[in-house]
Amino acid sequence: MKILNKNFLIKHKFLKHAISECNILKKSSSPFIITLHYAFQTPENLYMILDYCPGSDLDLHIQFRVFEEEEAKFYIAELILAIEYLHINNILYRDLKPENILIYSDGHIKLADFGLARENAKEEINKSFCGTSSYLSPEMSERKGFTKASDIYGIGAVLYEMMSGHTPFYEDDLRTLYTNITQKKLLFPEYFSERARNLLKKLLEKNPQKRIDLEDIKKHKFFKGIEWNELELKNKIIEKQILEMNNNKLAKNRKEENDEEKNEVIKEEKEEEKDEEKELLKNENNAEEKREEEKNNNIGNNTEEIKEEKKPKKKAFVPQEVKERKVVEEEWTTIKKGKKNRKPQ
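Residues numbered from 1 in each chain as written. Predicted model: local features only at pLDDT ≥ 70, side-chain atom pairs only at ≥ 80, totals over all residues. Heavy atoms only, no water.

**With respect to the sheet that holds strand β2 (residues 36-41)**
Strand pairing in a sheet relies on backbone hydrogen bonds. The paired strands run either parallel or antiparallel. Stated precisely, the cut-off is as follows: Strand pairing follows a simple DSSP-based rule, namely that at least 2 bridges must link the two strands. For the purposes of this entry, the term helix denotes a DSSP run of H or I that reaches at least four residues, the term strand denotes a run of E that reaches at least two, and both are numbered from the N terminus. Every axis in this analysis is a line fitted to C-alpha atoms, fitted for helices over the stretch in contact. Angles between the N-to-C directions lie between 0 and 180 degrees. Whether two residues touch is decided by their heavy atoms; if any such pair falls within 4.5 Å, the residues are in contact.
The antiparallel open sheet is built from three strands, whose spatial order is β1-β3-β2. Each having just a single partner strand, β1 (2-5) and β2 make up the two edges of the open sheet. Neighbour-to-neighbour, the strand axes of the sheet open up by a mean angle of 15°, direction not taken into account. Here β1 runs beside strand β3 (residues 45-50); their pairing, made up of four bridges, is antiparallel. Paired with Asn-5 across the strands is Asn-45, a residue of β3. Lying over the sheet, helix α2 (residues 15-27) contacts β1, β2 and β3, oriented at roughly 25° with respect to β3.

**Considerations on the pairing of β2**
For β2 and β3, the ladder comprises five bridges, and the chain directions are antiparallel. In the sheet register, Ala-39 faces β3, and the bridge partner there is Met-48. What sits between the antiparallel neighbours β2 and β3 is a turn of three residues.

**Some remarks on empty space enclosed by the protein**
The criterion, for reference: Space inside and on the surface of the protein is sampled on a 1 Å grid over the protein atoms alone, with a cavity defined as a set of points where a 1.4 Å probe fits but cannot get out and a pocket as an open set with protein on both sides within 12 Å along at least 5 of 7 lines; lining residues have an atom within 4 Å of a point. Grid points are joined across faces, edges and corners, and a volume is the space filled by probe spheres set on the points. Note that Gly is not counted as nonpolar here; it falls among the polar residues with everything else outside the nonpolar set of Ala, Val, Leu, Ile, Met, Phe, Trp, Tyr, Cys and Pro and the charged set of Asp, Glu, Lys and Arg.
Per the stated rule, a full pass over the model turns up one cavity of 30 Å³ or more. Of the voids in this model, the largest cavity is the one considered here, and its volume is about 110 Å³. Lining the largest cavity are 13 residues; nearest its centre among them are Arg-94, Leu-96, Tyr-135, Leu-136 and Phe-146. Of the residues forming the lining of the largest cavity, the biggest block, three residues, is contributed by helix α6 (residues 148-164). Looking at side-chain class alone, the lining of the largest cavity contains five nonpolar, five polar and three charged residues.

**Overview of the packing of α6 against helix α8 (residues 194-203)**
Going by this rule: Note on convention: near helix rotated counterclockwise from far helix by under a right angle means a left-handed crossing. Clockwise means right-handed.
Close contact between α6 and α8 brings their axes to 8 Å; oriented N to C, the two are set at 145°. Crossing handedness for the pair α6 and α8: left-handed. Of the residues in α8, those touching α6 at Ile-152, Tyr-153, Gly-156, Leu-159, Tyr-160 and Met-163 are Ala-196, Leu-199, Leu-200 and Leu-203. The class makeup of the residues in the contact of α6 with α8 is nine nonpolar, one polar and no charged.

**Some remarks on the packing of aromatic side chains**
Heads up, the condition is: The pairing test for Phe, Tyr and Trp rings, Trp by its six-membered ring, is centres within 6.5 Å, and the orientation test on the planes gives stacked under 30 degrees, edge-to-face over 60, and tilted for anything in between. Note on exposure labels: buried denotes an accessible area under 20% of the residue type's maximum, exposed denotes more than 50%, and partly exposed covers the range between, all computed with a 1.4 Å probe on protein chains only.
Per the counting criterion, the structure on display carries twelve aromatic pairs. Their ring planes at 40° and their centres at 6.0 Å tell us that Tyr-38 and Phe-40 sit as a pair that is tilted. Since its relative accessible area comes to 52%, Tyr-38 is described here as exposed. Assessed through its relative accessible area of 34%, Phe-40 is described here as partly exposed. Ring geometry for Phe-74 and Tyr-75: centres 5.0 Å apart, planes at 55°, overall tilted. Assigned by exposure class, Phe-74 and Tyr-75 land together as buried. Put simply, the rings of Tyr-160, Phe-188, Tyr-191 and Phe-192 touch in pairs and so form one group of aromatic residues.

See the structure below:
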């Protein structure tokens, strides 16, 4: 379910885009364009009931890995048929990027999000400036307008990103990005095949007048082995293995991420336990040192007491005069006793 707030649409002047999207989806019957099953509104919101696509979008897959050439060929072939259907019905898509290409339950793509699509666009140039910066064609970057050739450039930008993991001329700075799109030479990773390079050069041609058209794209050697009529009817038994492989790789990557997070948590817990053990051991050592210190202090005090006990007491100082007086007194006492014990003659 897609929900669009009316106040937001009116405030940002997007209401006509929402109505246009609803009209285009209501009329579309391509197997590679998302189906609008029902639409309704409330006083606050507009609602669109669309196909449920459990395979997510191509951007999510690109975040985890790059596509092999055979996989990319399959998905881009279906994207070409979706754009061809729109162009036959004079509709410009104007916002091709991996986020808008969904994977349906049968493994095929569904082109979604027609908010910037333009109805009743024949061969004349559409002057509106729109799209996502990294996927803009050179003519749109220079504000020369948008044509069907601009959608073909978008196919090339998506294919390049699927096989490399990044857009052809990506830069963080917008001015540099636009300069690269309009002037920089197209470079390729070493592992790109010669036929892939040849097709991308023609898709990403800077001059829209010289850019390859859809009929010639379908005849290109890159798509050797693709039965276009069968693919369009979705009768060819293909690529369930691709979907399963993609899902398995996503599941594996998510499991690895979860395992990494789990290992980080375990590592942090172990480090916390080690810190706690260190702190506990430190406290025990401090307590042991304190007990040893107290014990040593007690032993020192006891030794001093023992020394005090063993230390001989000093005799009190007696002056010489007192000593002599005492001797005299003792002698006097002896004489007196002798007198008492003497018998009279």
